[in-house]
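Listed below are the residues making up each chain.
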Amino acid sequence: MEYKKADKSYKDVGPKGGKLVERLQCALCGWIRPVKYGVSKRMGQVREVRFDKMDLIHAPLWRLEKMTSAGRGSPKATIELVDSKTLVQLNDDIKFQIINQCQAILKILKSQ
Ligand SMILES: [Zn+2]
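Residues numbered from 1 in each chain as written. Predicted model: local features only at pLDDT ≥ 70, side-chain atom pairs only at ≥ 80, totals over all residues.

Some details on the overall build of the protein chain
Helix and strand counts for the protein chain stand at one helix and six strands. When the helices and strands of the protein chain are read in sequence order from the N terminus, they spell out β-β-β-β-β-β-α. The burial tally for the protein chain puts 0% of its 112 residues in the buried class. If you take every contact in the protein chain between residues at least 6 apart in sequence, the share linking residues at least 24 apart comes to 24%. (Helix = DSSP H or I, 4+ residues; strand = E, 2+ residues; numbered from the N terminus. Buried ≥ 20, exposed ≤ 12 C-beta atoms within 10 Å, placed from the backbone. Contact = placed C-beta atoms within 7 Å.)

Here's what the structure looks like:
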């Protein structure tokens, strides 16, 4: 797989106008998120993207959720976890993808 530079997002604004937003792309899944994204309502701390906070044994990585009353981003949304799977319970195809990507990441980082 070859990395292609994405076209500029409509959210990207140059230094002469607008606000600069520092974003980080996940090496595992490619999801691009702002490095700091608001303040936790529970903890009152600035939330930031981290790659070392997952509970890899217990976290429900696959989820079947039932959403009612409003969209996910709405404070009125009610999300009920119907079913879930942990890392070791994921299907073989997804585990294979994770293993391959982790090995590629390690190979690059350890060659530094
Ligand atoms: Zn990711």
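Past the structure itself, the notes keep going.
Digging into the confidence of the model for the protein chain
The predicted model of the protein chain has a mean per-residue pLDDT of 84, with 81% of residues at 70 or higher. No element of the protein chain has a lower mean pLDDT than strand 3 (residues 36–39), which averages 77, and none a higher one than helix 1 (residues 92–110), which averages 97. (pLDDT = per-residue confidence, 0-100.)

Concerning helix 1
In this model helix 1 runs 26 Å from its N-terminal to its C-terminal C-alpha over 19 residues, within 8% of the 27 Å that 1.5 Å per residue would give. With zero of 19 residues buried, helix 1 lies mostly on the surface of the structure. (Expected span 1.5 Å × (residues − 1).)

Examining the pairing of strand 3
Relative to strand 4 (residues 46–48), strand 3 is paired through two bridges, and the arrangement is antiparallel. Bridge assignment links Lys36 to a residue of strand 4, and that residue is Glu48. Linking strand 3 back to strand 4 in an antiparallel pair, the connection comprises six residues, with Gly44 at a positive phi of about 75°. (Pairing = 2+ DSSP bridges.)

Description of the pairing of strand 6 (residues 78–85)
Burial within strand 6 is sparse, with just zero of its eight residues counted as buried. Alignment of strand 5 (residues 62–68) against strand 6, held across seven bridges, turns out to be antiparallel. Looking across to strand 6, one finds that Arg63 is bridged to Ser84.

Here we look at the environment of Val21
Looking at where Val21 falls in the secondary structure, it is placed in the segment before strand 1 (23–25). Expressed as a C-alpha distance, the spacing of Val21 and Tyr37, which sit 16 residues apart in the sequence, is 9.7 Å.

Re the environment of Leu61
In this structure, Leu61 sits in the loop between strand 4 and strand 5. Sequence separation between Leu61 and Lys85 is 24 residues, and the spatial gap between their C-alpha atoms is 6.0 Å. Setting aside anything within four residues of it in sequence, one finds Leu61 in contact with Lys85, Thr86, Leu87 and Leu90.

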